[in-house]
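Per-entry structural report
As a plain string of letters, each chain reads:
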Amino acid sequence: MIRASFTAICLVLFLCCSCWAKPNGAKNKKPKQVVPAIECDVRAGKINLPEFIVKCPAHCKETKQQVYGTGVFASISSICNAAIHSGVITNSGGKVIVRKMAGQNIYKGSNSYGVRSLSLPKWRESFVVSVGKPKRGVIYPSTLDYVPSRPTYVKTSQKDKSPAVTTALPTTAAPEPTTTTTPEPTTTTTTTLAPTTTTTTTTPPPPPTTAKARAAIHKVRDAGLRRPEAGSAIRRQPSSPVGPAFNRVQPAPPERTPTMSQSNPAFPRRDWAPPSFPRPDWFPGVRRPADVSYAVPDSGYTWSETDTPEIPARDHRPDISEFERWYYNFGPYPPRSTDSDGSRKASLDSTHTRVEPVDAWKPEANLYESGFSVREQEPVPRALEPVSQGDPNCKVDLAFLMDGSWSIGKRRFKIQKDFLAEVAQAINVGVAGPMMGIIQYGDDPVTEISLKSYSNSRDVKSGIDKIVQKGGLSNVGKALSFINKQYFSDANGNRGGAPNVAVVLVDGWPTDKVEEASRLARESGINIFFVTIEGPDDNEKQHLVEANFVDKAVCRTNGFFSLPVSSWFALKKAAQPLVKRVCDTDRLVCSKTCLNANDIAFVIDGSSSVGTGNFRTVLQFVANVTREFEISDTDTRVGAVQYTYEQRLEFAFGQYNNKAELLNAIKRINYWSGGTSTGAAITYTAEQLFSKSKPNKRKIMIVITDGRSYDDVRAPALAVHRQGVIAYSIGIAWAAQDELEYIATDPDKEHSFFVDEFDSLYKFVPKIINNICQEFNSQPRN
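Residues numbered from 1 in each chain as written. Predicted model: local features only at pLDDT ≥ 70, side-chain atom pairs only at ≥ 80, totals over all residues. Heavy atoms only, no water.

Topic: the overall build of the protein
Inclusion rule: We count a stretch as a helix when DSSP gives it H or I for four or more residues in a row; a strand needs E for two or more, and each element gets its number in order from the N terminus. In what follows, a contact means two residues having at least one pair of non-hydrogen atoms within 4.5 Å. Each accessible area is a Shrake-Rupley estimate made with a 1.4 Å probe; only the visible protein chains count as cover when residues are assessed.
Helix and strand counts for the protein stand at 16 helices and 26 strands. In the protein, the share of contacts with a sequence separation of at least 24, taken over all contacts with a separation of at least 6, comes to 78%. Roughly 38,700 Å² of accessible area belongs to the protein as shown, and the carbon and sulfur atoms make up 54% of that amount.

Given below as structure tokens:
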């Protein structure tokens, strides 16, 4: 009996220990992280998660998907190429952790790890990337929630008998019902995604939650003018309690593009139109939708559900340019003020209403009406004042940096303003001529007048009269950094086709260093002038923060870009000489940069040893180098020669003045096949291309060969060197190293490259671009 009891007790204890051990064992078991895979073209903004982990495929760098920013990227950037640009992964792919951030005011482009990122003035959302190794205990989502692409809508007419119809927007999450309230105060019709389920209820809708599916935003246009029935929820009254409302979140203004998106009522969401010319799609790898020079950010619509009062939208067209947005805000039809008392509100006739998406903008629609507001009558538009065209012989984007430091005093600050007004009158500001802006600097720079603020000299003078002195130090270096990074931007009125000119007014000398900031501004194409009033004498030069600050800052040190003034009372006399200099566009040499001032000739080996497949790889390399430059008849021009025993001019300088056309011309080059006469090809290139080069262009020759030449290359190479041609040689596989060094410009290490196989050619694209820019920027400035 005792033995049986003891056995039973042991059995119970054993079972208890087993039950306790199972959960502990399960608790110690580490869950497995599932990493979803994405394509190279997936943008961070298309994934609706604040932080997630993904796996990128290999060879994303070749797809050239756009990246905007450095370190912190705009959400329209490719995740995988941003990770390569940051050095998180290589071109072979890998895991990446993505974390969303708030939008930035500016995204600076750069070239890193073979990926060139573009600049962007502003975007609504950012993200950063890091190595795809989750911290201990952190599990990221195993599936990705993508942002839905387009909402749907339904029109109702007088023939429709139902009071209201609502179509729910499909999402990646589980479908949930959406609700539209009819003019009857207590009736609500709800249609779910199920095709046969329709219910009617008198209870109010439940409060919104974050998990609720997004809905399309609709607005109601009224055909009649009856007073709305009591309790109508079509337009919320100011005294009514604030309920959940869907508000449209507009992105930042996109960069300028060659084409404008056209409105189409058949699509609620409007996308960017394709470029005028298709990008070559013959390269291996994932296709890009367009060339980099014509690529535009996505419209980037997002929809948020918030508990905020209704705010009328000023503009229903998110894809108009910054200049058009400014024109509509200050042009002949300014936005009208809303009715504060709510006494004048048009009625809504349910039998004559139609539901349309907010973004289906029509030309006859009022740009400044919000979603549900209806006016009884249109106000009489004011007469449009004639827009000044300005002086077409002085088409420059001109920015003055005026000294607002305390050392200048109020009296001399007034003299400075009078001088600027005199300049504004003399240059004849206009949209087809010069546009003028002003930055006041002290401790920090402040924009007083942007380039798009005024379009005639009279308005500029009125704006100058309103400027108030800020005070502080004379930090000219900080002001030069400001105009380079922020002021000369598309969003601020920079026209792109006009030279950028900055005139710095300095009382005495700066209180910070200007050399580095000036160098970066010059390399960005900004022509810097200095007007020094009462500069330092010999005894005062010992107090300077930076000696010879004028020569270190101006575009060239030949005296054209510096204008010393002996006293403040003589400043007004310097207005006319300064205007003549800034309007002499032929001498604004700093407008030319390393990317827009070249004649580049590609000399391509088409011998039988190359082969058809490798020849296409060489053409891809040529296209990748070409894509980095600004192509036009006044900017960089490109020509190409293919050679075997003989030579053939594929296209000459200026034959294609558009980047897309030029890339398509490179695509159409046919493989020739034959022997290898590199020396004769160099001589032929000098005769057919460089003899017709423009005098203000830098002549660059890039020779690509895979073997030893049958003829001598020394004499032809020396001849083109004497003509001022900068020669690069790229050898592949069986190319002779000594011949590559003869062809290349000294130093050989900077101009001669060798690879074992054709597939490695892409590695030298950033190296060649960097060398070209370094040589251009290191030219003497006298």
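Moving on, there is more to tell.
Some remarks on the sheet that holds strand 3 (residues 72–74)
Selection criterion: Pairs of strands are assigned from DSSP output, requiring at least two bridges between the strands. Axis definition: a line fit to C-alpha positions, over the contact stretch in the case of helices; interaxial angles, taken between N-to-C directions, run 0 to 180 degrees.
Read from one edge of the open sheet, 5 strands run 1-4-7-3-2, paired in antiparallel fashion. Two strands bound the open sheet, and with one partner strand each, they are strand 1 (51–56) and strand 2 (69–70). Bridge analysis of strand 3 against strand 7 (residues 125–131) gives 2 bridges, and the strand direction is antiparallel. Within the sheet, the bridge partner assigned to phenylalanine 73 lies in strand 7 and is phenylalanine 127. Most of the contacts of helix 2 (residues 79–86) go to strand 7, to which it runs at about 60°, and overall it touches strand 1, strand 2, strand 3, strand 4 (94–102) and strand 7.

Remarks on the environment of phenylalanine 629
Convention followed: Each residue is placed in one exposure class: buried if its accessible area under a 1.4 Å probe, protein chains only, is under 20% of its type's maximum, exposed if it is over 50%, and partly exposed if it falls in between.
Locating phenylalanine 629 in the fold gives a position in the loop between helix 10 (612–627) and strand 22 (637–643). Residue classification places phenylalanine 629 among the buried residues on the basis of a relative accessible area of 1%. Sequence separation between phenylalanine 629 and asparagine 596 is 33 residues, and the spatial gap between their C-alpha atoms is 6.4 Å. Those residues within four positions of phenylalanine 629 in sequence are excluded, and the remaining contacts are Cys594, Leu595, Asn598, Ile600, Thr636, Lys659, Ile769 and Ile772.

With respect to helix 7 (residues 515–523)
Note the threshold: Think of it as the arc spanned by the lines of direction from the helix axis to the C-beta atoms.
Residues of helix 7 that are buried include every one of Ala517, Ser518, Ala521 and Arg522, and no others. Projected down its long axis, helix 7 carries its buried residues within an arc of 135°, all on one side. Contact partners of the buried residues in helix 7: helix 6 (476–487), strand 19 (526–533) and helix 8 (549–553). Following helix 7 by one or two positions, glycine 525 adopts a phi angle in the positive range, close to 95°.

Points about the sheet that holds strand 25 (residues 726–732)
The mixed open sheet is built from 6 strands, whose spatial order is 23-22-21-24-25-26. The sheet is open, and its two borders are formed by strand 23 (647–651) and strand 26 (752–755), each paired with just one other strand. Taken pair by pair, the neighbouring strands of this sheet meet at an average axis angle of 20°, ignoring direction. In the sheet, strand 21 (residues 598–605) pairs with strand 24 (residues 698–705) via 7 bridges, with the strands oriented parallel. Counterpart to aspartate 599 in the pairing with strand 24 is lysine 699. Sheet strands in contact with helix 10 are strand 21, strand 22, strand 24 and strand 25, and its direction is about 170° off that of strand 21.

A word on the state of the cysteines
Here is the rule: Note that a disulfide, as used here, is simply two cysteine sulfur atoms within 2.5 Å.
Summed over the entire model, instances satisfying the criterion amount to 5 disulfides. Put simply, cysteine 40 and cysteine 60 are joined by a disulfide, and their sulfur atoms are 2.0 Å apart. Between cysteine 40 and cysteine 60 the sulfur-sulfur dihedral comes to about -80°; the bridge is accordingly left-handed. Of this pair, cysteine 40 sits in the loop between helix 1 (2–28) and strand 1 while cysteine 60 sits in the loop between strand 1 and strand 2, and the two are 20 residues apart along the sequence. There is no split in this pair, since cysteine 40 and cysteine 60 are both buried. At a sulfur-sulfur separation of 2.3 Å, the disulfide partner of cysteine 56 is cysteine 80. Between cysteine 56 and cysteine 80, the disulfide has an S-S torsion of -95° and is therefore left-handed. With a gap of 24 residues between them, cysteine 56 in strand 1 and cysteine 80 in helix 2 connect regions that are remote in the sequence.

Let's talk about the environment of valine 618
Position of valine 618 relative to the elements: it lies in helix 10. Measuring from C-alpha to C-alpha, the distance between valine 618 and threonine 705 comes to 9.6 Å, with 87 residues separating the pair along the chain. Here valine 618 is in contact with Ile604, Ile704, Phe758 and Leu761, once residues within four sequence places are set aside.

A look at the pattern of salt bridges
Side-chain pairing between opposite charges can occur once the charged atoms of the two side chains come close. Threshold: Take a side-chain nitrogen of Lys or Arg and a carboxyl oxygen of Asp or Glu: if they are within 4 Å of each other, that pair is a salt bridge.
Tallied over the full model, the rule gives 17 salt bridges. Note that arginine 519 and glutamate 523 form a salt bridge whose closest N and O atoms lie 2.8 Å from each other. In this pair, arginine 519 and glutamate 523 both sit in helix 7, 4 residues apart, roughly one turn of the helix. The closest approach of N and O atoms between arginine 648 and glutamate 650, which form a salt bridge, is 3.0 Å. Its relative accessible area of 28% is what places arginine 648 among the partly exposed residues.

Re the side chain of serine 450
What counts, and what does not: Polar contact is defined as a pair of N or O atoms within 3.5 Å, subject to the rule that within protein one atom must be able to donate a hydrogen and the other to accept it, and that residues adjacent in sequence are counted only when both atoms are side-chain atoms.
Note on placement: serine 450 falls in the loop between strand 17 (445–449) and helix 5 (457–465). Polar side-chain contacts of serine 450 include one of 2.7 Å to the side chain of serine 453. Apart from the residues lying within four places of it in its own chain, the contact partners of serine 450 are Met436, Gly437, Tyr487 and Asn492.

A closer look at the environment of alanine 547
Along the chain, the position of alanine 547 falls in the loop between strand 19 and helix 8. We classify alanine 547 as partly exposed; its relative accessible area is 48%. Note: C-alpha distance between alanine 547 and lysine 513 (34 residues apart in sequence) is 9.3 Å.

What about the nonpolar core?
Rule in force here: Only buried residues count toward a nonpolar core. Its members are Ala, Val, Leu, Ile, Met, Phe, Trp, Tyr and Cys residues joined through side-chain atoms within 4.5 Å.
The biggest cluster of nonpolar side chains holds 68 residues, and the ones touching the most others in it are Phe400, Phe419, Met436, Ile483, Val503 and Phe530. When sequence neighbours within four positions are dropped, the list of residues in contact with methionine 436 reads Leu398, Phe400, Leu420, Ala424, Ile427, Val429, Ile449, Ser450, Leu451, Val460 and Ile464.

Here we look at the packing of aromatic side chains
Two descriptors summarise a pair of aromatic rings, namely the distance from one centre to the other and the angle between the planes of the rings. As a reminder of what qualifies: Pairing of aromatic side chains here covers Phe, Tyr and the six-membered ring of Trp, requires ring centres within 6.5 Å, and sorts the geometry by plane angle: under 30 degrees stacked, over 60 edge-to-face, intermediate tilted.
Per the counting criterion, the structure on display carries 11 aromatic pairs. Geometrically, the ring pair formed by phenylalanine 615 and tyrosine 671 is tilted, given 5.2 Å between the ring centres and 40° between the ring planes. With phenylalanine 615 in helix 10 and tyrosine 671 in the loop between helix 11 (659–667) and helix 12 (678–688), the pair connects residues that are 56 residues apart, well separated along the chain. Residues phenylalanine 651 and tyrosine 656 carry aromatic rings whose centres are separated by 5.7 Å and whose planes lie at 80° to one another, so their mutual orientation is edge-to-face. Take phenylalanine 651: its relative accessible area is 3%, and that puts it in the buried class. Put simply, the rings of Phe529, Phe560 and Phe561 pair up and form one aromatic cluster.

Describing the confidence of the model for the protein
Quick reminder of the rule: Confidence per residue, as judged by the predictor, is encoded in pLDDT with a range of 0 to 100.
Within the protein, residue pLDDT values average 74, and 66% of them lie at 70 or more. Contacts of residues 151–320 to residues separated by more than four positions or lying in other chains number 345 contacts, the stretch itself having pLDDT below 50. Counting contacts from residues 330–379, a segment whose pLDDT is below 50, to residues more than four positions away or on other chains yields 130 contacts.

Observations concerning the packing of helix 6 against helix 7
Worth spelling out the cut-off: If an angle is under 35 degrees, it is roughly parallel; if it is over 145, roughly antiparallel; if it lies from 65 to 115, roughly perpendicular; otherwise it is oblique. We call a crossing left-handed when the near helix sits turned anticlockwise from the far one by less than a right angle, and right-handed when that turn is clockwise. Side-chain classes are defined by residue name, with Ala, Val, Leu, Ile, Met, Phe, Trp, Tyr, Cys and Pro counting as nonpolar, Asp, Glu, Lys and Arg as charged, and the others, Gly among them, as polar.
Running from amino to carboxyl end, helix 6 crosses helix 7 at an angle of 20°, the nearest separation of the two axes being 8 Å. The angle between helix 6 and helix 7 places the two elements in the roughly parallel class. The two elements helix 6 and helix 7 cross, and the hand of that crossing is left-handed. For the pair helix 6 and helix 7, contact is made by Gly477, Leu480, Ser481 and Asn484 and by Ala517, Ser518, Leu520 and Ala521, respectively. Residue classes in the contact of helix 6 with helix 7 are distributed as 4 nonpolar, 4 polar and no charged.

Structural notes on the pairing of strand 25
Heads up, the rule is: By convention a crossover is right-handed if, when the strands point away from the viewer, the path from the first strand over the helix to the second runs clockwise.
Counting buried residues along strand 25, 7 of its 7 residues qualify, which places the element largely inside the surrounding structure. Of the two faces of strand 25, the one holding Ile726, Tyr728, Ile730 and Ile732 and the one holding Ala727, Ser729 and Gly731 are both buried throughout. Judged from the 6 bridges that link them, strand 24 and strand 25 form a sheet pairing that is parallel. Within the sheet, the bridge partner assigned to isoleucine 700 lies in strand 25 and is isoleucine 726. In the classification by handedness, the crossover that spans strand 24, the intervening helix 13 (residues 714–722) and the parallel strand 25 is right-handed. Both strand 25 and strand 26 contribute to a ladder of 4 bridges, which runs parallel.

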